[in-house]
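# Structural overview
Listed below are the residues making up each chain.
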Amino acid sequence: MSAGAARELEAILDAAVDPFVACGPDERILQVNAATERLLGWDREQLLGRPVTDLFPSRLHRFHGLSLPRYLLSRRKALGGRPTRVFARRRDGVELLVELAVGAAGMDGQERIVLTMRRLHEVIDSLEEPVEQVAGATDASMHPETADRLYRLLVENAPLGIFHFDRLPVITACNERFSGLIGTSKRNLVGLNLLTLRDERILTCVRESLDGRPCDYEGNYRSVTTGKETPVRIRFAPCYAEDGSVEGGVGIVEDITERRRVEAEREENLAQLDLLFRGAPVGIGFLDTRLRYVRVNETLARLNGIPADAHPGHTLPELLGEAGAIAEQGPRYVLRTGEPLVDQESTSDVDLGLEGPRRCFRGNFYPVRTPDGRVLGVGVLIEDITERRRAEEERAHLYREAQEAIRVRDDFLSIASHELKTPLTPLSLRLATLERRLERGENLDPSVLRHARHQLTRLTGLINDLLDASRIEAGRLALHPEATRFDLLVEHTLASMDGQRGNHTFDFERPPEPISVHGDTYRLEQVLSNLLENALKYSPDGGAIRVRLSLSDDVAVLSVTDPGIGIPEDQQQQLFDRYFRARNASTRSYGGLGLGLYISRDIVERHGGRIWVESVPGRGSTFYVALPTLASARAALPQVWPDRHLH
Ligand code: ADP
């Protein structure tokens, strides 16, 4: 090979991206290219003659009794041309992961070993068993003829397509790989004028390299013979003559099909991940090791109340102030311990000190690590669980209410059966007495009959209360209102209960003038009787029951005051609820179903009135009933109560 051809090949090798190293049978370096110098940090002159194993860590020098190149040569068949991953050693001692391919050829009976490397950036697996060190390097020089053949060997074995062109620009030489990529024979290619390709971008690169500037081309090459499209990348570089002028250029062609596929796949994966990230219904964020946001999704941005793009580069306290400083404790813990922190619940008001309606959050914080375990930052997952909490609380509340309803029902059933049975025993006793006397022809004692009738009345009253309560529940308690003298109704009721009052006295304070209401006489009497019966029942020691009727504006106000046991203050509100009995009214001492006031309230309210109580436990109670007077009822609801009903 001429000196020119040798220079040309040297230019080709130097333009190559990946390092090449060639050595003789003694494994000493005969030639390297510029990429080797760049990658390993040696000058070409320093490397020539050195044992090639100097380019690898000492633990890799010998392997299974063979030097590293020999070992890999022995495995060539098994590897089927695939490169091996090893660590190369730079001059400064730093180790780099590379893919290493080793080939060999005989030249003039002289063996040549060629190593090509490609730098890798990730750790997968490697050959790194420690072996002994080999002896130091001795100088070696290279015969130009040898170099010439060596270049050919390298060019032909290169995993890249290589072609050379002159200034015309006509292709003057190329390797098999190049003709394979183009899909035609080497013979057809040599002599081809690049201008005939009519590809403006390629021609620009040709011109650039002929002007002394390397240039990159990337595009799809369509094979003339097969029509197949191949994505390629071509590095164009100038070739210099001895006088320093550009005599032509080289093109190094790489088939990037696989790289494109991997890139497309990666892009698709990233796009999918991005969609997942953006659309996730939980807040997702990533904080770096200084607890500054790197990224957040829309949900987290919404939770923080700050646009997503305002997050990167800022810490939580910078963005959210005091609340952010509190929220930062979780990620801080993760950084300190390297442990994840899961299911941390917090509330906006109590925990974070924020104003506004309470919101509840659940946070998960975890360390984000590289495959080799280095912590890159903290992953943050935040969920707004306000609604879920509210639903849980609601459910718990309903559950408590249901439990309470069941308890009330059970209590009621036992009280009701007790109450209903109570009058039955004396009633049947009295009836038996009457029967006996009649059989014996004795005189009948009217008091026995009176007592029997009293028990019957009590039983009827209880049953009526139960029926009324169920009518109220079903919305079917009918009222038949008419103009009614309320003062006379009170007087009448008091008189009818005279037989029941025992040691008590009734003290009625009449209004100065008659008071009329628009009401159901029977039902209003029921309310009043109920209040009077309670007053008697819950004042066991007798005393005066004061009944007062007065007019206040257009409202008739009736009050019943007793000197009885009174009602605990915290229970006065519930007194008018169905089945409710105050705790000081034990079933044993005071019979009752807890329905009288419930029914009374319904009746009063449906008359447009109000019922309430004032009471001091141990001192007595006053129940009030306020009803609109006839005049005000007519004014308020003329369409409901037309005049003809009033007369
Ligand atoms: P009951 O049949 O139990 O008397 P009510 O509905 O008439 O049912 O009354 C409900 C509860 O209110 C009673 O059980 C009692 O605890 C309390 N109560 C009603 N009236 C009085 C009163 N005058 N003095 C004290 N407690 C009363």
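Residues numbered from 1 in each chain as written. Predicted model: local features only at pLDDT ≥ 70, side-chain atom pairs only at ≥ 80, totals over all residues. Heavy atoms only, no water.

If you check an unreviewed UniProt entry, the protein chain appears there as histidine kinase from Corallococcus interemptor. Under the heading Catalytic activity (unreviewed entry), UniProt records this for the protein chain: "ATP + protein L-histidine = ADP + protein N-phospho-L-histidine." (UniProt positions renumbered as here; feature names shortened; annotations may be inferred.)

Around the ligand sit 21 residues in total, of which Asn534, Tyr538, Asp562, Arg581 and Leu597 are the nearest. Within the contact set of the ligand, an oxygen atom lies 2.9 Å away from a backbone nitrogen or oxygen of Ala582. Considered on its own, the ligand offers 520 Å² of accessible surface; in the complex 97% of this is hidden by protein. When contributions to the shell around the ligand are tallied by element, the ones reaching two or more residues are helix H18 (521–537), helix H19 (596–606) and strand E24 (620–628). (Near = heavy atom within 4 Å. Polar contact = N/O pair within 3.5 Å; in protein donor to acceptor, adjacent residues only side chain to side chain. Areas by Shrake-Rupley, 256 points an atom, 1.4 Å probe, with all protein chains shown as cover. Helix = DSSP H or I, 4+ residues; strand = E, 2+ residues; numbered from the N terminus.)

Taken from the UniProt record, the annotation "domain: Histidine kinase" (unreviewed entry) applies to residues 415–631. The span residues 415–631 shows a helical share of 43% and a strand share of 22%, and its end C-alpha atoms are spaced 43 Å apart.

The next thing to look at is the domain arrangement of the protein chain. Note on interface size: it is often stated as the accessible area lost on association of the parts. Domains assigned within the protein chain are domain 1 (3–138), domain 2 (158–255), domain 3 (261–384), domain 4 (390–470) and domain 5 (478–632). A C-alpha centroid distance of 47 Å is found between domain 1 and domain 3. (Domains from an automatic or database assignment.)

What follows deals with the environment of Ala101. Along the chain, the position of Ala101 falls in strand E6 (residues 95–107). For the pair Ala101 and Phe20, spaced 81 residues apart in sequence, the C-alpha separation works out to 9.7 Å. The residues contacting Ala101, other than those within four sequence positions of it, are Pro83, Val114, Leu115 and Thr116. (Contact = heavy atoms within 4.5 Å.)

Glancing now at the side chain of Asp487. Secondary-structure assignment places Asp487 in helix H17 (residues 486–496). Discounting chain neighbours no more than four positions away, the residues touching Asp487 are Phe508, Pro511, Pro514, Ile515 and Leu549.

Strand order across the open sheet formed by five strands is E9-E8-E12-E11-E10, with antiparallel pairing between neighbours. The strands lining the two open edges of the sheet, one partner per strand, are strand E9 (171–174) and strand E10 (215–222). Taking the axes of each pair of neighbouring strands and ignoring which way they run, one obtains an average angle of 25° across the sheet. One ladder, built from nine bridges, connects strand E11 (residues 229–240) with strand E12 (residues 246–255); its direction is antiparallel. (Pairing = 2+ DSSP bridges. Axes fitted to C-alpha atoms, helices over the stretch in contact; angles between N-to-C directions.)

To continue, consider the pattern of salt bridges. Applying the stated criterion to the full structure yields 47 salt bridges. Put simply, Arg90 and Asp92 hold a salt bridge, and the shortest N to O gap is 2.5 Å. Look at Asp92 and you get exposed, because its relative accessible area is 52%. The residue Glu387 makes a salt bridge to Arg390 at a minimum N-O spacing of 3.3 Å. (Salt bridge = Lys/Arg side-chain N within 4 Å of Asp/Glu carboxyl O. Buried < 20%, exposed > 50% of the residue type's maximum accessible area, 1.4 Å probe, protein only.)

The next point concerns the sheet that holds strand E22 (residues 555–562). Spatially, five strands are ordered E19-E21-E22-E24-E23 in an open sheet, and the strand pairing comes out mixed. Taken across any chain shown, the strands that pair with only one partner, and hence form the sheet edges, are strand E19 (504–509) and strand E23 (610–616). For this sheet the average axis-to-axis angle between neighbouring strands, irrespective of direction, equals 15°. In the sheet, E22 pairs with E24 via eight bridges, with the strands oriented antiparallel. In the strand pairing of E24, Ala556 is matched with Leu627. Along the sheet, H18 contacts E19, strand E21 (543–552), E22, E23 and E24; its crossing angle with E22, the most-contacted strand, is approximately 25°.

It is worth spelling out unusual backbone geometry at this point. For the peptide bond that leads from Leu168 to Pro169, omega is 5°, which places it in the cis range. Looking at where Pro169 falls in the secondary structure, it is placed in the loop between strand E8 (161–166) and E9. Even without a glycine there, the phi angle at Leu291 is positive, about 60°. The backbone phi angle of Asp343 is positive, close to 50°, even though this residue is not glycine. Relative to the elements of secondary structure, Asp343 occurs in strand E15 (residues 341–347). Among the residues examined, Asp343 registers a relative accessible area of 48% and is labelled partly exposed.

Between its terminal C-alpha atoms helix H16 (residues 446–473) stretches 40 Å, which fits the 40 Å expected from 28 residues at 1.5 Å a residue. Residues of H16 that are buried include every one of Val448, Ala452, Gln455, Leu459, Leu462, Asp468, Ala469 and Ile472, and no others. Looking at the buried side of H16, the elements it contacts are helix H14 (386–421), helix H15 (424–440), H18 and H19. Where H16 begins, the capping side chain belongs to Asp445, and its oxygen is found 2.9 Å from the backbone nitrogen of Ser447. With its phi angle positive at about 70°, Gly475 sits one or two positions after the end of H16. (Expected span 1.5 Å × (residues − 1).)

Glancing now at the packing of H18 against H19. Their axes nearest at 9 Å, the elements H18 and H19 cross at an angle of 145°. The two elements H18 and H19 meet at a crossing, and its hand is left-handed. Listed contacts from H19 to Arg523, Gln526, Val527, Asn530, Leu531 and Asn534 of H18 are Gly596, Leu597, Ile599, Ser600, Ile603 and Val604. The class makeup of the residues in the contact of H18 with H19 is six nonpolar, five polar and one charged. (Left-handed = near helix turned anticlockwise from the far one by under 90°. Nonpolar A, V, L, I, M, F, W, Y, C, P; charged D, E, K, R; others polar.)

This paragraph deals with the packing of aromatic side chains. Under the criterion given, the structure shown has nine aromatic pairs. Their ring planes at 45° and their centres at 5.2 Å tell us that Tyr538 and Tyr590 sit as a pair that is tilted. Within this pair, whereas Tyr538 is found in the loop between H18 and E21, its partner Tyr590 is found in the loop between E22 and H19, the two being separated by 52 residues in sequence. Neither Tyr538 nor Tyr590 differs from the other in exposure class; each is buried. One aromatic cluster is present, built from ring pairs that chain together Phe163, Phe165, Phe178 and Phe236. (Phe/Tyr/Trp six-rings, centres within 6.5 Å; stacked < 30°, edge-to-face > 60°.)

Mean pLDDT over the protein chain: 87, with 92% of residues reaching 70 or higher. Every residue in residues 122–142 scores below 50 in pLDDT, and together they form 51 contacts with partners more than four places removed in sequence or on other chains. Contacts of residues 638–647 to residues separated by more than four positions or lying in other chains number nine contacts, the stretch itself having pLDDT below 50. (pLDDT = per-residue confidence, 0-100.)

Okay, the pairing of E9 next. Bridging between E8 and E9 involves three bridges; their strand directions are antiparallel. By the bridge assignment, His164 is partnered in E9 with Ala173. Two successive antiparallel strands, E8 and E9, enclose a turn made up of four residues.

Here the focus is helix H9 (residues 200–210). The complete set of buried residues in H9 reads Ile202, Leu203, Cys205, Val206, Ser209 and Leu210. For H9, the arc enclosing every buried residue in end-on projection is 160°, short of the 170-degree limit, so these residues lie on one face. Structurally, H9 contributes buried residues whose contacts are with E8, E10, E11 and E12. Two to three positions downstream of the cap, the backbone nitrogen of Arg201 sits 3.0 Å from a side-chain oxygen, assigning the N-cap of H9 to Asp199. Gly212, located one to two residues past H9, shows a positive phi value of around 95°. (Arc of directions from axis to C-beta.)

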